[in-house]
Amino acid sequence: QQPVQSPQAVILREGEDAVINCSSSKALYSVHWYRQKHGEAPVFLMILLKGGEQKGHDKISASFNEKKQQSSLYLTASQLSYSGTYFCGTLPTQGGSEKLVFGKGTKLTVNP
Amino acid sequence: SQTIHQWPATLVQPVGSPLSLECTVEGTSNPNLYWYRQAAGRGLQLLFYSVGIGQISSEVPQNLSASRPQDRQFILSSKKLLLSDSGFYLCAWSVRAGINIQYFGAGTRLSVL
């Protein structure tokens, strides 16, 4: 089942913060976050595993609430390089043969 | 380190012509392999995935097919392209027994005219 991302699009000025949400109707084992810049392939950002941990990567961090089956991606003090489309991908169970199911994406535009 | 190669980068084909896109992975063994399609401004649609040589699972009925003749080679094919086959095709790999982090190739932009 495809996770639901919100918002669909967001426009920021450089230095502003943003939150992107990813919700699933199924119990989740992991949530993956990817960023795709225009015309390029998606690039892996981080993975959140069952356990409600929060992870960080420079000024981008994420949380995972397994009880609510939700994950949020936090972009702090946004930079122009953060522009792109952010996808979450979800896995219901642990295992190598499960297919990652991606949301429809959130387009983030950071303006000077 | 692992790398994934995908070619060609761009392709313009007439309707009804055949298609062959190739993807190879280096630096790992027994990977899971995936083909995705992305229409302009849209999300990632999983087309095929493979957990081993000759093992292909199809996600969407269409005029495309996939083959995995070698452990680290994944091929996407069509006998006759349709206009609706236009899009950005992405190959990806992940470790077989793991948490399924997927790493994408650079993609092939296909225009069917």
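**Student:** Before we go on, may I ask you to explain the packing of aromatic side chains in this structure?
**Tutor:** For any pair of aromatic rings, the description rests on two quantities: the centre-to-centre distance and the angle between the ring planes. In this structure the tally under the stated criterion is 11 aromatic pairs over all chains. Their ring planes at 70 degrees and their centres at 5.5 Å tell us that Tyr34(A) and Phe102(A) sit as a pair that is edge-to-face. Of the two residues, Tyr34(A) is situated in strand 4 (residues 30-36) and Phe102(A) in strand 10 (residues 101-102); the sequence distance between them amounts to 68 residues. Among the residues examined, Phe102(A) registers a relative accessible area of 4% and is labelled buried. Here a set of aromatic residues connected by ring pairs shows up, and it is made of Tyr34(A), Phe44(A), Phe102(A), Tyr34(B), Tyr36(B), Tyr49(B), Trp93(B), Tyr103(B) and Phe104(B). When the ring centre of Phe88(B) is taken as reference, the NZ or CZ atom of Arg109(B) above it lies at 4.2 Å.

**Student:** I would appreciate a short explanation of the nonpolar core in the present structure.
**Tutor:** One finds Trp33(A), Leu73(A), Leu75(A), Tyr86(A) and Leu108(A) to be the most contacted residues of the largest nonpolar core, which totals 21 residues. If you list the elements that add at least two residues to this core, you get strand 2 (9-13), strand 3 (18-23), strand 4, strand 5 (43-49), strand 7 (60-65), strand 8 (70-75), strand 9 (84-91) and strand 11 (106-111) of chain A. Not counting residues up to four positions away in its chain, the partners in contact with Leu108(A) are Val10(A), Leu12(A), Ala18(A), Leu75(A), Tyr82(A), Ser83(A), Gly84(A) and Tyr86(A). Ranked by size, the runner-up nonpolar core spans 19 residues in total, among them Leu47(B), Phe48(B), Leu81(B) and Leu110(B).

**Student:** Just to check I follow, could you spell out the sheet that holds strand 8 (residues 73-78) of chain B for this structure?
**Tutor:** The strands making up a sheet associate through backbone hydrogen bonding, with each pair oriented either parallel or antiparallel. Residues and elements named next belong to chain B. Strand order in the open sheet formed by 4 strands is 1-3-8-7, with antiparallel pairing between adjacent strands. Sheet topology places strand 1 (3-7) and strand 7 (64-70) at the edges, where each strand pairs with a single neighbour. The sheet shows a mean angle of 15 degrees between the axes of neighbouring strands, taken without regard to direction. Across 5 bridges, the pairing between strand 1 and strand 3 (residues 19-26) is antiparallel. By the bridge assignment, glutamine 6 is partnered in strand 3 with cysteine 23.

**Student:** Before we go on, may I ask you to explain the pattern of salt bridges in this structure?
**Tutor:** Side chains carrying opposite charge are able to pair once their charged atoms draw close together. Residue and element names in this part refer to chain B. Applying the stated criterion to the full structure yields 3 salt bridges over all chains. Linking aspartate 71 and arginine 68 is a salt bridge whose minimum nitrogen-to-oxygen distance equals 3.2 Å. Among the residues examined, arginine 68 registers a relative accessible area of 3% and is labelled buried.

**Student:** Explain the layout of surface pockets here, please?
**Tutor:** Unfilled space is identified by rolling a water-sized probe across the atoms. Volume-wise, the largest pocket comes out at about 660 Å³. For the lining of the largest pocket, the secondary-structure elements that each account for two or more residues are strand 1 (4-6), strand 9 and strand 11 of chain A together with strand 9 (87-94) of chain B. For the lining of the largest pocket, the element with the most residues is strand 11 of chain A, which contributes 4 residues. By residue class, the composition of the lining of the largest pocket is 8 nonpolar, 16 polar and 6 charged.

Conventions used here
Residues numbered from 1 in each chain as written. Chains lettered and ligands numbered in written order. Predicted model: local features only at pLDDT ≥ 70, side-chain atom pairs only at ≥ 80, totals over all residues. Heavy atoms only, no water. Phe/Tyr/Trp six-rings, centres within 6.5 Å; stacked < 30°, edge-to-face > 60°. Helix = DSSP H or I, 4+ residues; strand = E, 2+ residues; numbered from the N terminus. Buried < 20%, exposed > 50% of the residue type's maximum accessible area, 1.4 Å probe, protein only. Lys NZ or Arg CZ within 6 Å of the ring centre and 35° of its normal. Core = buried A, V, L, I, M, F, W, Y, C linked by side-chain atoms within 4.5 Å. Contact = heavy atoms within 4.5 Å. Pairing = 2+ DSSP bridges. Axes fitted to C-alpha atoms, helices over the stretch in contact; angles between N-to-C directions. Salt bridge = Lys/Arg side-chain N within 4 Å of Asp/Glu carboxyl O. 1 Å grid on protein atoms, 1.4 Å probe; cavity = no way out; pocket = protein on both sides within 12 Å on 5 of 7 lines; lining within 4 Å. Points joined across faces, edges and corners; volume = space filled by probe spheres on them. Nonpolar A, V, L, I, M, F, W, Y, C, P; charged D, E, K, R; others polar.

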